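Read off the chains here:
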Amino acid sequence: QVHRSLEGLPDFHHPVLTLGTFDGVHMGHRRILQRVREIANEQGGETVLLTFFPHPRLVLNPDDNSLKLLSTLEEKAELLAAEGIDHLVVLPFDAQFARMAAEDFVRDVLLQSLRMESLVVGYDHRFGVGRTGDFQLLCEMARIHPFQVEEIPAAWVDDVRVSSTKVRNALLAGEVGEAARWLGYAYSFEGMVVHGRKLGRELGYPTANIEPLDKLKLIPGIGVYAVEVETPSGIYGGMANVGNNPTIPGKGFSIEAHLFGFEGDIYDIAVRLKFRSFLRNELKFNDLNALQEQLHTDKKEALRQLMAV
């Protein structure tokens with residue numbers, strides 16, 4: 001269940017809480033969620049995750065346009081439901097809330113509104129104005145108030161301490177396979193298919209020009225990828241170019257996907273582009289014939305890599 005306010009919350013049964021932005025719900029987050037479920041099962045309680053919307057950085061640094069997110073709120077809710085979380089509480093984050101002292105947050109929100117009995121936090125979690133709240137403060141307050149608190153150490157995958165920042169950097173570098181290992185799933189975004197110049201059709205590789213539906217959603221770095229495209233009529237393997245199209249003067253940045261074996265019209269329809277592997281960097285070709293030859297090679301390699309997934 002998704003609750004978008006502290007008002008009118010149900011009476012949670014022995015609630016076991018965790019809190020944070022949980023952007024991407026990656027493997028590090030899942031370790032925390034696993035422990036939350038374990039405690040709830042031991043105590044016969046419900047699992048509750050408190051998150052914030054909009055992202056705190058958008059409120060604290062409104063002039064910073066660099067923030068790109070791994071998951072929309074809707075995607076996050078789906079991922080958390082798949083991890084067995086009973087309740088997602090979305091707390092509106094504004095300038096007034098940003099000024100709340102850490103002690104007041106624990107007392108007024110976690111204890112009074114959510115009535116938590118147990119709290120699980122990730123390694124080095126901080127909260128409250130000036131990020132003064134930490135695990136030590138929680139332990140001190142737990143000696144006064146009736147709740148238990150536990151800190152989960154950082155999760156490591158492939159000798160890397162997983163974090164949302166590391167996942168973002170991997171995606172921006174085109175390392176979608178690495179990002180998938182840390183996320184536990186292939187990264188994707190939802191977009192609308194819009195009309196383009198239809199040059200791909202002339203080359204024998206018609207493409208869907210995809211505009212992301214959420215402007216804050218991170219787009220992997222420039223390059224050519226093996227992808228899967230989820231459409232209303234099914235899921236298709238394909239290859240996608242994210243980039244500035246240097247071979248075609250004046251075209252500029254676009255995200256285009258060629259769907260293998262697809263025939264039909266999906267203009268003005270939302271699709272999901274799922275990144276499976278990186279094929280190559282974007283290149284500038286001498287002419288369209290050279291580009292067409294490269295597309296033949298790209299298709300063979302994309303099919304090979306998709307078969308290996």
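Going along each chain's sequence as written, the residues are numbered from 1 onward. Side-chain atom pairs in this predicted model are given and counted only at pLDDT of 80 or more, local residue features only at pLDDT of at least 70, and totals for whole chains, interfaces and linings cover all residues. Hydrogens are left out, water is left out, and the side-chain values use all remaining heavy atoms of the structure.

*Asks:* Explain the sheet that holds strand S13 (residues 254-259) here, please?
*Replies:* To summarise the sheet geometry, strands pair through backbone hydrogen bonds and adopt either a parallel or an antiparallel arrangement. Pairing between strands requires that DSSP locate at least two bridges from one strand to the other. Helix and strand definitions here come from DSSP, where helices need a minimum of 4 consecutive H or I residues and strands a minimum of 2 consecutive E residues; each element is numbered from the N-terminal end. The six strands lie next to each other as S9-S10-S13-S12-S11-S14, forming a closed barrel whose pairing is antiparallel. Strand-to-strand twist in this sheet, taken as the mean axis angle between neighbours without regard to direction, amounts to 45°. Both strand S9 (residues 188-194) and strand S10 (residues 208-212) contribute to a ladder of four bridges, which runs antiparallel. Each bridged residue has a counterpart across the sheet, and for Val193 the counterpart in S10 is Ile210. To define axes, lines are fitted to C-alpha atoms, for helices over the stretch in contact only, and angles between the resulting N-to-C directions are given on a 0 to 180 degree scale.

*Asks:* Please clarify how the packing of aromatic side chains should be interpreted in this entry.
*Replies:* Any pair of Phe, Tyr and Trp rings, taking the six-membered ring for Trp, is counted once the centres come within 6.5 Å. Such a pair is stacked with planes under 30 degrees apart, edge-to-face with planes over 60 apart, and tilted for the rest. Evaluated as defined, the whole model comprises nine aromatic pairs. Measuring from ring centre to ring centre gives 5.3 Å for Phe93 and Phe97, while their planes differ by 75°; the resulting arrangement is edge-to-face. For the pair Tyr225 and Phe275, a centre-to-centre distance of 5.1 Å together with 85° between the ring planes defines the contact as edge-to-face. Linking Tyr225 in strand S11 (residues 223-231) with Phe275 in strand S14 (residues 270-280), this pair joins segments that are 50 residues apart in sequence. When sorted by exposure, Tyr225 lands in the same class as Phe275, which is buried. Aromatic rings pair up to connect Phe52, Phe93, Phe97, Phe105 and Phe127 into one cluster. Any residue under 20% of the maximum accessible area for its type is buried, any over 50% is exposed, and the rest in between are partly exposed; the area is computed with a 1.4 Å probe on protein chains only.

*Asks:* Explain the sheet that holds strand S1 (residues 2-3) to me, please; I cannot follow it from the model alone.
*Replies:* Sheet architecture is open: six strands sit in the order S1-S4-S3-S2-S5-S6, paired in parallel fashion. The open sheet has two free edges, formed respectively by S1 and strand S6 (148-152), since each of these has just one partner strand. Packed on one face of the sheet, helix H1 (residues 27-43) meets strand S2 (16-19), strand S3 (47-53), strand S5 (118-122) and S6 and runs near 165° to S2. Taken strand by strand, helix H5 (residues 102-113) contacts S2, S3, strand S4 (87-92) and S5, and its axis lies near 120° from that of S3. The criterion used for residue contact is that any of the two residues' heavy atoms lie within 4.5 Å.

*Asks:* Sorry, what's going on with the nonpolar core here?
*Replies:* Generally speaking, nonpolar side chains in soluble globular proteins are found buried as a group. Counting 32 residues, the largest nonpolar core has Leu171, Leu273 and Phe275 as its most contacted members. Elements with a contribution of two residues or more to this core: helix H7 (164-172), helix H8 (176-183), S9, S10, S11, strand S12 (234-243), S13 and S14. Ranked by residues supplied to this core, first place goes to H8 with four residues. Leaving out residues up to four positions away in the same chain, Phe275 has contacts with Val176, Ala186, Tyr187, Phe189, Pro220, Tyr225, Ala226, Val227 and Val242. Judged by nonpolar contacts, the second largest core, of 29 residues, contains Phe12, Leu91, Leu111 and Leu137. By convention a nonpolar core is built from buried Ala, Val, Leu, Ile, Met, Phe, Trp, Tyr and Cys residues, the set being connected through side-chain atoms within 4.5 Å.

*Asks:* Honestly, H5 in this entry has me stumped. Any pointers?
*Replies:* Since the α-helix advances by 3.6 residues per turn, residues separated by three or four positions end up pointing in the same direction. Three or more residues of H5 are buried, namely Ala102, Phe105, Val106, Val109, Leu110 and Leu111. The buried residues of H5 all sit within an arc of 160° when viewed along its axis, so they share a single face. As for H5, its buried residues are in contact with S2, S3, S4, helix H4 (95-98), S5 and helix H6 (135-142). In the segment just after H5, Arg115 is the residue with positive phi, at about 55°. Note that the arc is computed from the directions linking the helix axis to the C-beta atoms.

*Asks:* Got a minute to help me understand the pairing of S6 in this structure?
*Replies:* Bridge count between S5 and S6: five bridges; the pairing is parallel. If you follow Val120 over to S6, its bridge partner there is Glu150. Regarding the hand of the β-α-β motif, the stretch spanning S5, H6 and S6 is right-handed. For the handedness criterion, the strands are oriented away from the viewer, and a crossover whose path from the first strand over the helix to the second runs clockwise is classed as right-handed.

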